[in-house]
Structures are given as structure tokens and as C-alpha cells.
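Commentary on secondary and tertiary structure
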Amino acid sequence: MVQRIRGVLAAALMAVAVWQPAAAAGPKPDLDTRFKEAMSNPQLADQLYKTGRKVAAVCANCHGEGGNSTKSSVPNLAGQNPAYLMEQIRQFSDGRRRYEFMEGMIRAMNNDEKIGMVLFYAAQEVVHKPSSNKPLADRGADIFNKNCFRCHGNAGRGSDQVARIAGQQDEYLRTTLQRYRAGTNVRVNSIMTPNVKLLSDQDIEALVAYVSSMP
Ligand code: HEC
Ligand code: HEC
């Protein structure tokens, strides 16, 4: 009996010994290093995408299937730019962006799950919702084409660093623009704030009507 236990223990210790060199290869890469790794390694990216698709099943309760939200106060994640999503993960993690539920959600995810969900959502298509108030949306287009296009692009799809806003949910757009304008600590951004400071509530309504209907 003792002999058998010794045998099992020895086998277990050997397994540990075999396993250790890999673990001793260094600490796990941080989020940004791992993201760069995935961007330059298609096989790893593919593996993380599949992890992300599994994670997304949890998020679907609020953000909708494939990141097309069905609640107007919850943002779409579909078609969102990877660098922007990564930045929001950082902001929820370090408290620059406050939303208690999402802060907890991000804390509960490991780096591969975070990167995986970014790759998954960035690859999904946004469902187009045409405007229900054309005159208001046209007024929004005028404001958009005077300023917002400079960073978010003519089509509202953003860029590597700037958020996609085309087709975003209307209640979420309204709240977000009001938060930037108010400059409270819920959500601040030194680039967005000066661009919304002078908008009236009516301007915001017009922008919401236009941006949410952009394909
Ligand atoms: C209980 C509902 C709920 C669940 C579940 C949920 N979220 Fe969210 N999420 C929200 C809300 C609401 C916001 C908007 C917060 C705000 O107003 O700033 C948000 C915002 C976000 C944002 C920022 C989007 C943007 O355009 O800036 C990301 C990224 C995000 N969630 C990812 C996830 C991921 C990944 C999961 C699953 C692991 C998830 N969420 C699960 C409700 C939820
Ligand atoms: C000088 C560049 C710039 C201009 C001009 C600009 N934006 Fe932005 N916008 C950004 C950046 C950068 C972010 C990401 C900020 C963050 O991380 O919170 C952003 C974020 C946003 C978001 C949040 C997206 C999300 O998913 O939560 C909305 C909505 C938005 N902008 C709308 C607008 C509108 C409407 C205008 C015109 C009135 C505008 N922006 C003008 C750079 C700009």
C-alpha cells in the first residue's frame, strides 16, 4: 500500500518536474504584449477568436447575438475597432471609465478571453437600422459633416484608434455624448470633450438620429 502511494507520488512529482520548465519560461505576457503577439500570429489569433466566441455567449444577454444589441441603452460591439475595444478594457480596469457591472465583468476575464472577445466582435457585421425621422437625421448629418467626420471618418466607422459610431444604439449615443459634455468622472476623454462642449441638447438629438442610422 505504502509502496503504491509512493509510486503515485513519484509519478505526480515527475509530472510536476516535466511541467515546470514550461511554467518557468517567464511570467505570462501582459495584455498589450499578448495582443501584439496575436496580431502577428494568425494561428494564435484564430485560437483566441474561438475563445472569444465562447465568451461572447455570456455578453449576448446584454450586447445581443454577435454584438448587435437589442437594448437601446447597451452599445453594439459588432464591427467595433480592435484598438478602441482594447482601450475600453484598460479604462474599465483602471477606473477611468466607470460602469460597475462592466468593471466587474472585465476583472473576471483573463487576457486571452479579453483579446479573444475583441477579435470576435471586431469581425461581426453591424445590422443597419434606417432612420425613423429623416429631417432630424439630416440636421445631424450637417453637424457630423462639419466636425465629427475628421476623426470618425465620413462613414462613421472610425479608424485604428477611433471608435466606430455608425449604427450605434440611440440611447447609448445620447448618454455617452452627454457624459463627455458634462465632464464628470463617469466617462471623460480629453479628445472628445472639446468636440461636444458646444453642442445643445437639440444638436445631440440630431446627431443621435443620424449616427444611429448610418450603415
Ligand atoms: C448586464 C448587461 C451586460 C453584460 C452581461 C455585458 N455588458 Fe458590456 N456593457 C453593458 C452596458 C450597459 C455598457 C455601457 C456602459 C456605459 O454606459 O458606459 C457596456 C459597455 C461595454 C463595452 C464598451 C463599448 C463601447 O462602445 O465603448 C465593452 C467593450 C463591453 N461592454 C464588453 C462586454 C463583454 C466582453 C461582455 C461579456 C464578457 C459584456 N460586455 C457583458 C452591459 C453589459
Ligand atoms: C479629434 C477627434 C475626434 C472628433 C472631432 C470627434 N471624436 Fe468622437 N471620439 C474620438 C475618440 C478618440 C474617441 C474614444 C474616446 C474614449 O476612449 O472614450 C471618441 C469616442 C466617441 C464616442 C463613444 C463611442 C462608444 O462606443 O462609446 C462617440 C459616441 C463619439 N465619439 C461621437 C462623436 C461625435 C458625434 C462627434 C462630433 C460632434 C465626435 N465624436 C467628434 C475622437 C473624436
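What comes next concerns the included structure.

Basis of the calculations
- Residues numbered from 1 in each chain as written.
- Chains lettered and ligands numbered in written order.
- Predicted model: local features only at pLDDT ≥ 70, side-chain atom pairs only at ≥ 80, totals over all residues.
- Heavy atoms only, no water.
- Near = heavy atom within 4 Å.
- Polar contact = N/O pair within 3.5 Å; in protein donor to acceptor, adjacent residues only side chain to side chain.
- Helix = DSSP H or I, 4+ residues; strand = E, 2+ residues; numbered from the N terminus.
- Nonpolar A, V, L, I, M, F, W, Y, C, P; charged D, E, K, R; others polar.
- Domains from an automatic or database assignment.
- Donors = N, O, S within 2.8 Å, 3.2 Å for Na, K, Ca; no water.
- Tetrahedral: all angles 85-135°; square planar, octahedral: opposite > 155°, others 65-115°.
- Buried < 20%, exposed > 50% of the residue type's maximum accessible area, 1.4 Å probe, protein only.
- Axes fitted to C-alpha atoms, helices over the stretch in contact; angles between N-to-C directions.
- Parallel < 35°, antiparallel > 145°, perpendicular 65-115°, else oblique.
- Contact = heavy atoms within 4.5 Å.

Let's talk about the site of ligand 2
Contacts to ligand 2 come from 23 residues, most closely from Cys-148, Cys-151, His-152, Tyr-172 and Met-192. For ligand 2, an oxygen atom lies 2.8 Å from a polar atom in the side chain of Arg-187. Of all the secondary structure elements, the ones that give two or more residues to the shell around ligand 2 are helix H4 (82-94), helix H7 (134-152), helix H8 (170-182) and helix H9 (192-196). Each residue belonging to the shell around ligand 2 can be placed in one class, and the counts come to 13 nonpolar, eight polar and two charged. For the shell around ligand 2, the domains that each give at least three residues are domain 1 (31-122) and domain 2 (134-213).

Considering the coordination of the iron atom of ligand 1
The iron atom of ligand 1 binds to the protein through His-63 (NE2) and Met-102 (SD); the donor distances cover 2.0 to 2.3 Å. Geometry at the iron atom of ligand 1 is octahedral, judged from its six donor atoms and the angles of 87 to 178° they form at the metal. In this pair, His-63 sits in helix H3 (residues 42-63) while Met-102 sits in helix H5 (residues 100-107), placing the two residues 39 residues apart along the sequence. Met-102 matches His-63 in its accessibility class, with the two residues each being buried.

Quick word on the site of ligand 1
As a structural note, the neighbourhood of ligand 1 is formed by 20 residues, with Cys-59, Cys-62, His-63, Tyr-84 and Met-102 the closest of them. Separating an oxygen atom of ligand 1 from a side-chain N or O atom of Arg-179 is a distance of 2.8 Å. Elements that contribute at least two residues to the shell around ligand 1 include exactly H3, H4, H5 and H8. With five residues, the single largest contributor to the shell around ligand 1 is H3. Residues belonging to the shell around ligand 1 are distributed by class as follows: 16 nonpolar, two polar and two charged.

Points about the packing of H3 against helix H6 (residues 111-122)
Viewed as axis vectors pointing N to C, H3 and H6 meet at an angle of 90°, and their least axial separation amounts to 6 Å. Classified by the angle between their axes, H3 and H6 sit roughly perpendicular to one another. In this structure, H3 contributes Ala-45, Leu-48, Tyr-49, Thr-51, Gly-52, Arg-53, Val-55, Ala-56 and Cys-59 to the contact, and H6 contributes Asp-112, Glu-113, Ile-115, Gly-116, Met-117, Leu-119, Phe-120 and Tyr-121.

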